[in-house]
Amino acid sequence: LQSLDVANNQLRELPAALADCPRLKEANFRGNQLRDKRLEKMVNGCQTKAILEYLRAGGRGKGKVESAREDVRKKKREKQQKKDTGDGEQDEVEEASKLLVKVLHVSENPAPLVVKVSPGVKDVRAFIVCCVLKGVNLKPGNALKRFLTMQTKLHEDICEKRTVATIATHDLQLVKAPLTYDVQPPDELKIMPLGRKEIKAKDLLRQLQLEAEEQRKQKKRQNVSGLHRYLQLLDGKDNYPCLVDAEGAVISFPPITNSEKTKIRKETRDLFLEVTSDTSLQICKDVMDTLILKIAELNRSALENREGSGSDVELDALCGPGNMNLPLVVEQVRVVDTDGNLKVLYPSKTDLATVASLLTVIR
């Protein structure tokens with residue numbers, strides 16, 4: 001797409017996905033009464049490039065993802081200044097203390113995981129990025145609780161209360177590949193939600209809405225908490241997105257819940273990670289970058305602090321000098337269409353750039 005003219009229409013918003021059109025040079029949005037008044041002024045007086053940058057940043061000032069990129073650029077500049085002033089040794093110490101992540105390429109993997117995308121997701125929740133993360137340690141102390149809390153915080157922060165993206169984490173050993181990212185009608189989609197019995201999606205949402213109303217009455221509050229806050233994100237959808245395993249079981253129902261079938265436990269060592277969005281592919285990648293960084297930080301913290309449980313022998317085996325700096329292994333996962341054509345590969349050579357100042361990536 002190189003030129004776009006949608007002037008004098010009845011548009012109220014401009015989709016952020018326009019920022020992912022690299023060849024778009026001319027765009028005319030004038031004459032639309034946009035909700036974002038700052039953006040409305042921009043379309044009447046700014047160049048297309050400035051408008052697209054504004055959309056890429058999330059509108060209304062800088063988005064969280066753009067701010068993260070700014071931080072990375074700032075740290076790179078500071079690092080370069082240190083090198084120029086002769087602080088090379090300190091940089092080497094910093095580099096040695098960084099978290100390690102090794103990327104296992106599809107070509108090196110004897111059994112790479114593939115996710116097939118059906119055409120129907122395009123109109124519901126178009127974007128998905130996946131990868132496998134091996135070598136995670138959730139056994140010590142409250143490591144699992146901290147892992148789940150971290151995921152909740154990411155949903156609140158970089159995922160902007162799940163409105164721009166949703167994270168799902170699974171125990172890889174319980175995932176039956178190959179996987180299909182699909183859509184199903186609300187009265188046909190069945191899932192066993194975390195901590196619940198199997199239920200149709202339509203009935204689950206109705207049940208959650210009743211729970212939310214009851215919760216509001218009991219606590220006499222205007223707002224609801226937990227899972228109930230995300231119900232409106234599926235309003236008006238004729239079909240719901242879902243990730244289906246080789247046995248036909250739904251293991252993920254974004255942006256609402258995962259399945260009990262692939263639930264992560266203390267014994268889990270290898271993860272299947274999934275990020276979906278109806279906004280843009282780049283947002284999925286940026287969220288995945290941050291998720292991997294946070295898991296790496298938790299992993300190191302669990303080893304360094306030698307939290308609570310497990311025998312001394314077991315902890316020594318995990319925390320010995322040889323194991324403290326072992327890298328987590330990120331296995332590439334291909335997302336393909338129904339004909340097998342590649343849609344996205346993560347992590348590619350350009351991924352994990354937003355967290356490069358804190359991670360050492362061995363490719």
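Cut-offs used in this document
- Residues numbered from 1 in each chain as written.
- Predicted model: local features only at pLDDT ≥ 70, side-chain atom pairs only at ≥ 80, totals over all residues.
- Heavy atoms only, no water.
- Helix = DSSP H or I, 4+ residues; strand = E, 2+ residues; numbered from the N terminus.
- Buried < 20%, exposed > 50% of the residue type's maximum accessible area, 1.4 Å probe, protein only.
- Core = buried A, V, L, I, M, F, W, Y, C linked by side-chain atoms within 4.5 Å.
- Contact = heavy atoms within 4.5 Å.
- Salt bridge = Lys/Arg side-chain N within 4 Å of Asp/Glu carboxyl O.
- Arc of directions from axis to C-beta.
- Pairing = 2+ DSSP bridges.
- Axes fitted to C-alpha atoms, helices over the stretch in contact; angles between N-to-C directions.
- Parallel < 35°, antiparallel > 145°, perpendicular 65-115°, else oblique.
- Left-handed = near helix turned anticlockwise from the far one by under 90°.

### Brief notes about unusual backbone geometry
- Omega for the peptide link from P254 to P255 comes to 5°, which places this bond in the cis form.
- Note on placement: P255 falls in the loop between β11 (250–253) and β12 (257–258).
- Between Y346 and P347 the backbone carries a cis peptide bond, its omega angle lying at -5°.
- As for its position among the elements, P347 is in the loop between β15 (342–346) and β16 (359–362).
- The phi angle at E160 is positive, at roughly 50°, despite the residue not being glycine.
- Here E160 falls in the partly exposed class, since its relative accessible area comes to 31%.
- Of note in the backbone geometry, R162 takes a positive phi value of approximately 70° without being a glycine.
- One can find R162 in the loop between α5 (143–156) and β6 (166–171).

### A look at the nonpolar core
- Counting 55 residues, the largest nonpolar core has V115, F272, L273, M288, I292, I295 and L359 as the members making the most contacts within it.
- Ranked by residues supplied to this core, first place goes to helix α7 (residues 281–305) with 10 residues.
- When residues no more than four places from it in sequence are discounted, the contact partners of L273 are V129, C130, C131, L133, A168, T169, M288, L291, I292 and I295.
- One finds I199, L204, L234 and F253 within the second-largest nonpolar core, a separate group that totals 16 residues.

### Some points on the pattern of salt bridges
- With the rule as written, the count across this model stands at 11 salt bridges.
- The closest approach of N and O atoms between K134 and E331, which form a salt bridge, is 3.1 Å. Taken together, the residues span a long stretch of sequence, with K134 in strand β5 (residues 127–134) and E331 in strand β14 (residues 328–336) at a distance of 197 residues.
- For E331, a relative accessible area of 9% gives the class buried.
- For E211, the salt bridge goes to R196, with nearest N and O atoms at 3.0 Å. Here R196 lies in the loop between β8 (190–191) and β9 (199–200) and E211 lies in helix α6 (residues 201–219), a separation of 15 residues in the sequence.
- Residue classification places E211 among the partly exposed positions, given a relative accessible area of 29%.
- The network of salt bridges with common partners includes D245, E247 and K261.

### Points about helix α2 (residues 48–56)
- Residues of α2 that are buried include every one of T48, I51, L52, Y54 and L55, and no others. Seen end-on, α2 carries its buried residues on one side only, within an arc spanning 155°.
- In the core, the buried residues of α2 are packed alongside β2 (26–28) and α1 (37–45).
- Backbone geometry just downstream of α2 places G58 in the positive-phi region, at approximately 95°.

### Here's the deal with the pairing of strand β7 (residues 179–184)
- One ladder, built from 3 bridges, connects strand β4 (residues 114–117) with β7; its direction is parallel. Residue pairing in the sheet places V117 in a bridge with Y181 of β7.
- Taken together, the 5 bridges between β7 and strand β10 (residues 240–244) define a ladder with antiparallel strand orientation. Its bridge partner being in β10, Q184 is matched across the sheet by Y240.

### Brief notes about the pairing of β14
- Across the 9 residues that make up β14, a large majority, 7, are buried.
- As paired elements, strand β3 (residues 99–104) and β14 share 4 bridges and run parallel to each other. Counted as the bridge partner of L104 is E331 from β14.
- One ladder, built from 3 bridges, connects β4 with β14; its direction is parallel. Bridge pairing links K116 to V336 in β14.
- In terms of strand pairing, β14 meets β15 through 4 bridges, oriented antiparallel. Looking at the pairing, V333 lines up with Y346 of β15.
- Where β14 folds back on β15, the antiparallel hairpin that results is connected by 5 residues, among which G340 adopts a positive phi of roughly 90°.

### Some words on the packing of α1 against α2
- Where α1 meets α2, the closest approach of the two axes is 9 Å, and the angle between their N-to-C directions is 160°. Overall, the two elements α1 and α2 adopt an arrangement that is roughly antiparallel. Judged by the twist between their axes, the crossing of α1 over α2 is left-handed. Contacts between α1 and α2 involve R38, L39, M42 and V43 on the former and, on the latter, A50, I51, Y54 and L55.

### Here's the deal with the environment of T262
- By the secondary structure assignment, T262 is in the loop between β12 and β13 (270–277).
- Through-space distance from the C-alpha of T262 to that of M192 is 10.0 Å; in sequence the pair is 70 residues apart.
- Other than its neighbours up to four places away in sequence, T262 contacts T169, H170, D171, L174, V175 and I251.

No statement about biological role is implied by the geometric values presented.
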